[in-house]
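Single-letter residue listing:
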Amino acid sequence: MSFIKLLKKNILQLDINTLLYVFFLLITTSFFFFDSFRSVQTLFSLLVSLAILSRRKLQFATILLPLFLIVLFINGIKILNIENYGLVGAASPSGLNILIFFSCLITEKPSFIYKIFNFYLKIFIFMNSFSIFYYINILFGWGAAYEIINLAGRGFIYRNYSNLAIFTDYTIYDFGSFTISRLGGMFEEPGMLATYAGILLVADIIVFPNRKFTKFMLVTFGILSLSLAFAIFLFFIGIYYLFNAKLNSKKTLKKIIISLILIILITRLVIPEEIRIAYEIHLLNRLEIQDGQLAGDNRSIYQDTFESYFQRANVVQLAFGNGIGSNIQSQQASYASYHRFFYEMGFIGFSLLLIYPIYFLVYIPLITKKIRYLPLTVVCGLSLYQRPDFLSAHYFILYAIILFVLGKRYKFNILN
């Protein structure tokens, strides 16, 4: 059965509860076509979360307390900085959609959570799969039609292929007979596609360990994005498979080693030299250590700016930050790493934010003695450095999956 027919069959089996959850995940995914109306997107996601809540019995789990405090903190700081937000902006609740979503999600049955994830993942793959065709089209210069677009005042030019895929123009390079591009799927930059692919790949391995096609597609997205972050994801995922193969079966370990040898041979003997050189320049060379750090670390540029801010900021700013969203508004900030949270939420808010990554990605695997999963979970936490979006829906569905797959015997209290 083809993937499209299988997807159609699965959609027909959806009930209203599943649709609402999946729709929330889709509406909070940063697809490029949401770029021009982010505020409407946020409002709509809040309405969807309220629709989910209306069909659930309101419950409060102790595990929700940190998220409740984070949301309360975020909105409190907005009020303190009301001159920057205005009355309407300060009164608009930030993070409430995620709080409601996660509050409802963890009260669902595990099988239902896996079902939600399964449908979302298949839709995500389907929507981004068209970009592979255009990637190949660019690679061989077949000349598919596109239009030039800009996204919400960013200084980048994008090639928009029939609203099915976009490519950042500066990530397209000519190498002899071929044109190498960085796959961005339906996202404004390749790194964003890679981050989604990495998080979803980890969740897919945990929930559906024996499924192959979805993993193949997610790995394809990540590799073609030429993302350093995804390369690190693959490294940790490789450790996970090698560790478990050694524990479970020498035969499995042998298959993995043979597969790696075949990949190396195909890379050297089948792939044209020009393509191989392009990948070595734009990915492998970024993994080299230069002056004590990764050559491809494009987040180190924020360190000097942050140190300058750290010296001039007052005690209140350092403790409480400048308010959610202020990083984007400030020309002196615009951090794309963990510095963003220090700037927006201060030391107190950043400390609150770290509770969930530490709890779900480190503590649960350790307390439940599922240490073999640590390479998978820890690598998701490392994305704090590359793309700090721990308050996004795809992280929270990963947290729910970890809670019910890894921590199924770990008790937590629910107060009616």
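You'll find the structure just up there.
To start, this report covers the structure provided alongside it. Counting restarts for each chain, with residues numbered from 1 along the sequence as it is written. Local features in a predicted model are, by the rule used here, given only for residues with pLDDT of at least 70; side-chain atom pairs are given and counted only at 80 or more, and totals for whole chains, interfaces and linings are based on all residues. Computation of side-chain values: all heavy atoms of the structure, hydrogens and water removed.

Digging into the overall build of the protein chain
A run of DSSP states H or I qualifies as a helix once it reaches four residues; a run of E qualifies as a strand once it reaches two. Both are numbered from the N-terminal end. Looking only at helices and strands, the protein chain features 18 helices and 9 strands. Where accessible areas are quoted, they stem from the Shrake-Rupley method and a 1.4 Å probe; at the residue level, only the protein chains shown are allowed to cover. As displayed, the protein chain has an accessible area near 20700 Å², and 65% of this comes from carbon and sulfur atoms.

Remarks on the nonpolar core
Within the largest apolar cluster, 117 residues are counted, with the highest numbers of intra-cluster contacts made by Phe 102 and Phe 221. Looking at this core, the element that brings in the most residues is helix H7 (residues 110-140), giving 17 residues. By the convention used here, residues are in contact when the closest approach between their heavy atoms is within 4.5 Å. What Phe 221 contacts, discounting residues up to four positions off in sequence, is Phe 124, Ile 125, Asn 128, Ser 129, Ile 132, Leu 183, Leu 193 and Ala 197. Definition of nonpolar core: a set of buried residues of the types Ala, Val, Leu, Ile, Met, Phe, Trp, Tyr and Cys, connected through side-chain atoms within 4.5 Å. Note on classification: 1.4 Å probe, protein chains only; a residue is buried when its accessible area is under 20% of the maximum for its type, exposed when over 50%, partly exposed between these limits.

What about the sheet that holds strand S3 (residues 158-161)?
When DSSP finds at least two bridges between two strands, those strands are taken to pair. A sheet is described by the order of its strands in space; here 3 strands give the open sequence S2-S3-S4, paired in antiparallel fashion. For this open sheet the edge positions go to strand S2 (147-149) and strand S4 (165-168), each flanked by a neighbour on one side alone. Adjacent strand axes in the sheet meet at a mean angle of 35° when their direction is disregarded. Pairing of S3 with S4 involves 4 bridges; the strand directions are antiparallel. From the neighbouring strand, Tyr 158 faces S4, where its bridge partner is Thr 168. To obtain an axis, a line is fitted to C-alpha atoms, over the contacting stretch when the element is a helix, and the angle between two such axes runs from 0 to 180 degrees between their N-to-C directions. This element, H7, spans S3 and S4 of the sheet and lies at about 45° to S4.

Side note on the packing of aromatic side chains
Between rings of Phe, Tyr and Trp, where Trp is taken as its six-membered ring, a pair exists when centres lie within 6.5 Å; planes separated by under 30 degrees are stacked, by over 60 edge-to-face, and by other angles tilted. Here the structure, examined in full by the defined rule, presents 37 aromatic pairs. Between Phe 117 and Phe 208 the ring centres are 6.4 Å apart and the planes differ by 15°, which places this aromatic pair in the stacked class. Here Phe 117 is found in helix H7, whereas its partner Phe 208 is found in the loop between helix H8 (190-207) and helix H9 (213-224), with 91 residues between them in sequence. The buried category is assigned to Phe 117, whose relative accessible area is 0%. Taken together, the aromatic side chains of Phe 31, Phe 32, Phe 33, Phe 34, Tyr 120, Phe 124, Phe 187 and Tyr 196 make up a single cluster linked through ring pairs. The ring centre of Phe 208 lies 4.1 Å from the NZ or CZ of Arg 211, which sits over that ring. Whether a charge lies above a ring is judged from NZ of Lys or CZ of Arg, which has to be within 6 Å of the ring centre and within 35 degrees of the ring normal.

A few points about the pairing of strand S5 (residues 172-175)
One ladder, built from 4 bridges, connects S5 with strand S6 (residues 178-181); its direction is antiparallel. By the bridge assignment for S6, Ile 172 is matched with Ser 181. Counting the residues in the hairpin turn of S5 and S6 gives 2 residues, including Gly 176, whose phi is positive at 60°.

Description of helix H4 (residues 65-80)
Every α-helix winds through 3.6 residues per turn, so residues three or four apart in the chain are directed the same way. For H4, which comprises 16 residues, the first-to-last C-alpha distance of 22 Å matches the rise-based estimate of 22 Å (1.5 Å per residue) to within 8%. Taken together, the buried positions of H4 are Pro 66, Leu 67, Ile 70, Val 71, Phe 73, Ile 74, Asn 75, Ile 77 and Lys 78. The span expected for a helix works out to 1.5 Å for each residue beyond the first.

Re the pattern of salt bridges
Working definition: two side chains of opposite charge can pair if their charged atoms are close together. Basic side-chain nitrogens of Lys or Arg form a salt bridge, by our definition, when they fall within 4 Å of a carboxyl oxygen of Asp or Glu. This structure, assessed with the given rule, holds 4 salt bridges. Taking the shortest distance from any N to any O, the salt bridge between Asp 169 and Arg 159 comes out at 3.1 Å. Taken together, the positions of Asp 169 in the loop between S4 and S5 and Arg 159 in strand S3 put the pair 10 residues apart, joining distant regions of the chain. Of the charged contacts, one joins Lys 215 and Asp 204 as a salt bridge, the two residues approaching to 3.1 Å between their closest N and O atoms. Highlighted residues: Lys 215 in helix H9 and Asp 204 in helix H8, separated in sequence by 11 residues.

Some details on the packing of helix H2 (residues 16-27) against helix H3 (residues 38-54)
It is at 9 Å that the axes of H2 and H3 come closest, and there the two elements cross at 160°. As the angle between them shows, H2 and H3 are arranged roughly antiparallel. For the pair H2 and H3, the crossing hand works out as left-handed. The segment H2 lies against H3, with Leu 20, Tyr 21, Phe 23, Phe 24 and Ile 27 engaging Gln 41, Phe 44, Ser 45, Val 48, Ser 49, Ala 51 and Ile 52. Residues are grouped as follows: Ala, Val, Leu, Ile, Met, Phe, Trp, Tyr, Cys and Pro are nonpolar; Asp, Glu, Lys and Arg are charged; every other residue, Gly included, is polar. Within the contact of H2 with H3, the residues separate by chemical class into 9 nonpolar, 3 polar and no charged. Angles are sorted into four bins: roughly parallel if under 35 degrees, roughly antiparallel if over 145, roughly perpendicular if 65 to 115, and oblique for all others. Crossings are classed by handedness, with left-handed meaning an anticlockwise turn of the near helix from the far one by less than a right angle and right-handed meaning a clockwise turn.

Brief notes about the side chain of Asn 160
Looking at the element boundaries, Asn 160 is found in strand S3. With a relative accessible area of 3%, Asn 160 lands in the buried category. In the analysis that follows, any N or O atom pair within 3.5 Å is treated as a polar contact, provided that within protein one partner can donate a hydrogen and the other can accept it, and provided that, for residues neighboring in sequence, both atoms belong to side chains. Side chain to side chain, Asn 160 and Asn 163 meet in a polar contact 2.8 Å long. In this structure Asn 160 touches Phe 32, Tyr 146, Glu 147, Ile 149, Ala 165 and Ile 166, once residues within four positions along its chain are discounted.

What about a nonpolar patch on the surface?
Residues Ile 257, Ile 258, Ile 261, Leu 262, Leu 265, Ile 266 and Ile 271 make up a contiguous nonpolar surface patch of roughly 580 Å² in combined accessible area. Looking at where Ile 257 falls in the secondary structure, it is placed in helix H11 (residues 250-269). The exposure class of Ile 257 is partly exposed, given its relative accessible area of 41%. Each patch is assembled from residues with relative accessible area greater than 30% and no salt bridge, linking like charges that lie within 9 Å and nonpolar side chains (Val, Leu, Ile, Met, Phe, Trp, Tyr) that lie within 5 Å.

Quick word on H9
Here H9 spans 16 Å end to end across 12 residues, near enough to the 16 Å set by a 1.5 Å rise per residue. Every buried residue of H9 is accounted for by Thr 214, Lys 215, Met 217, Leu 218, Thr 220, Phe 221, Gly 222 and Leu 224. Phi turns positive, to about 55°, at Leu 226, one or two residues after H9.

Some points on unusual backbone geometry
For Leu 226, which is not glycine, the phi torsion reads 55° and is therefore positive. Looking at the element boundaries, Leu 226 is found in the loop between H9 and helix H10 (228-248). For Lys 369, which is not glycine, the phi dihedral falls at a positive 60°. On the accessibility criterion, Lys 369 (70% relative accessible area) is exposed.

Thoughts on the environment of Ile 113
Of note, Ile 113 is situated in helix H7. A residue is classified by how much of its surface remains accessible, and Ile 113, at 0% relative accessible area, is buried. Sequence separation between Ile 113 and Phe 404 is 291 residues, and the spatial gap between their C-alpha atoms is 9.0 Å.

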